[in-house]
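# Examination of the molecular architecture
Each chain, written out:
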Amino acid sequence: MASEEITKVKSDSTVAPAAGMNVYEAIYRRRSAWKYKDNPIPRETMERMLETAVWAPNHRLTEPWRFFVIEKDTKAREAVAELAYQHQMGRFDNPQRAESTRQAVMAPPVIIYVYSTPGQSDEATKENYASTICATYNVSLTGAAEGLTVTWETGGATRHPKLKETLGAEEEWDLAALLYVGEPDEDIVTQRTPAQNFVKWLD
Ligand SMILES: Cc1cc2nc3c(=O)[nH]c(=O)nc-3n(C[C@H](O)[C@H](O)[C@H](O)COP(=O)(O)O)c2cc1C
């Protein structure tokens, strides 16, 4: 995370990369998947996706999101997978189950831990978290436009008390998501209840 003098980017100087999907298609085609092709994801692709994260709406421009990106076959990946293993062992005392959590963390071409920073009040902290989720969803949608799955995980793989220290995250930050990013190697169909069931139009 850069700490030197930062030059801000103005919204009217951003350039949208050419994509074969409009925003509606990205919303409807985005899918979580848990099996990934072993193809690496070019760093430029990840950077393009992460660049969209910071354009999420955020109240008072607190920019509360923090991303820790870990590519495959790195020491960092082994370290966080080991924490996931240990955490699951502590919970279930089942080596097979713990090993499958380790493998889930090891397998995707890229993983991203997303944290949200606290605000000056509970309300600001809540707003920050909301913004961080919007930022994460930007990465999910641009992932879909890139032909990738960006699958959210908030289970055992994210819960070890040493995770923040291992990543270099600050203690008061709140984990918003662990993202598994890769070319999906399965075709998943999911379903939703139509919006009309949740929407009331008032006169
Ligand atoms: C906040 C959040 C947390 C999630 N946590 C998990 C998780 O811990 N394990 C998991 O298998 N999927 C998790 N998911 C993924 C959902 O299971 C997935 O979004 C859901 O099945 C709908 O599929 P879709 O994303 O393809 O629409 C999570 C999704 C969100 C938004």
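Up top is the structure.
About the criteria used
- Residues numbered from 1 in each chain as written.
- Predicted model: local features only at pLDDT ≥ 70, side-chain atom pairs only at ≥ 80, totals over all residues.
- Near = placed C-beta within 6 Å.
- Nonpolar A, V, L, I, M, F, W, Y, C, P; charged D, E, K, R; others polar.
- Helix = DSSP H or I, 4+ residues; strand = E, 2+ residues; numbered from the N terminus.
- Expected span 1.5 Å × (residues − 1).
- Buried ≥ 20, exposed ≤ 12 C-beta atoms within 10 Å, placed from the backbone.
- Contact = placed C-beta atoms within 7 Å.
- Pairing = 2+ DSSP bridges.
- Axes fitted to C-alpha atoms, helices over the stretch in contact; angles between N-to-C directions.
- Core = buried A, V, L, I, M, F, W, Y, C linked by C-beta atoms within 7 Å.

### Comments concerning the site of the ligand
Around the ligand lies a shell formed by Arg31, Ser32, Trp152, Glu153, Thr154, Gly155 and Thr190. Split by residue class, the shell around the ligand holds one nonpolar, four polar and two charged.

### A word on helix α3 (residues 75–92)
Counted at 1.5 Å a residue, the expected span for α3 with its 18 residues is 26 Å, and the 26 Å between its end C-alpha atoms agrees. All of the buried residues along α3 are Val80, Ala81, Leu83, Ala84, Tyr85, His87 and Gln88. Taken together, the buried residues of α3 touch β1 (65–71), α4 (95–106) and α6 (163–167). Backbone geometry just downstream of α3 places Asp93 in the positive-phi region, at approximately 50°.

### So, the sheet that holds strand β4 (residues 174–182)
Spatially, four strands are ordered β1-β2-β4-β3 in an open sheet, and the strand pairing comes out antiparallel. Whereas interior strands pair on both sides, the edge strands pair on one side only; in this sheet they are β1 and β3 (149–153). The mean inter-strand angle of the sheet, taken between neighbouring strand axes irrespective of direction, is 25°. Sheet analysis places β3 next to β4, joined by five bridges and oriented antiparallel. Paired with Glu153 across the two strands is Leu178, which belongs to β4.

### A short note on the nonpolar core
Counting residues in hydrophobic clusters, the biggest one holds 33 residues, and the most contacted among them are Ile111, Ile112, Val114, Leu179 and Val181. For this core, the secondary-structure elements that each account for two or more residues are α2 (43–53), β1, α3, α4, β2 (110–116), α5 (122–145) and β4. Residue contacts for Val114: discarding those within four places in its chain leaves Trp65, Phe67, Thr132, Thr136, Ala176, Ala177 and Leu179.

From the geometry alone we can't say anything about function, so treat these as descriptive.
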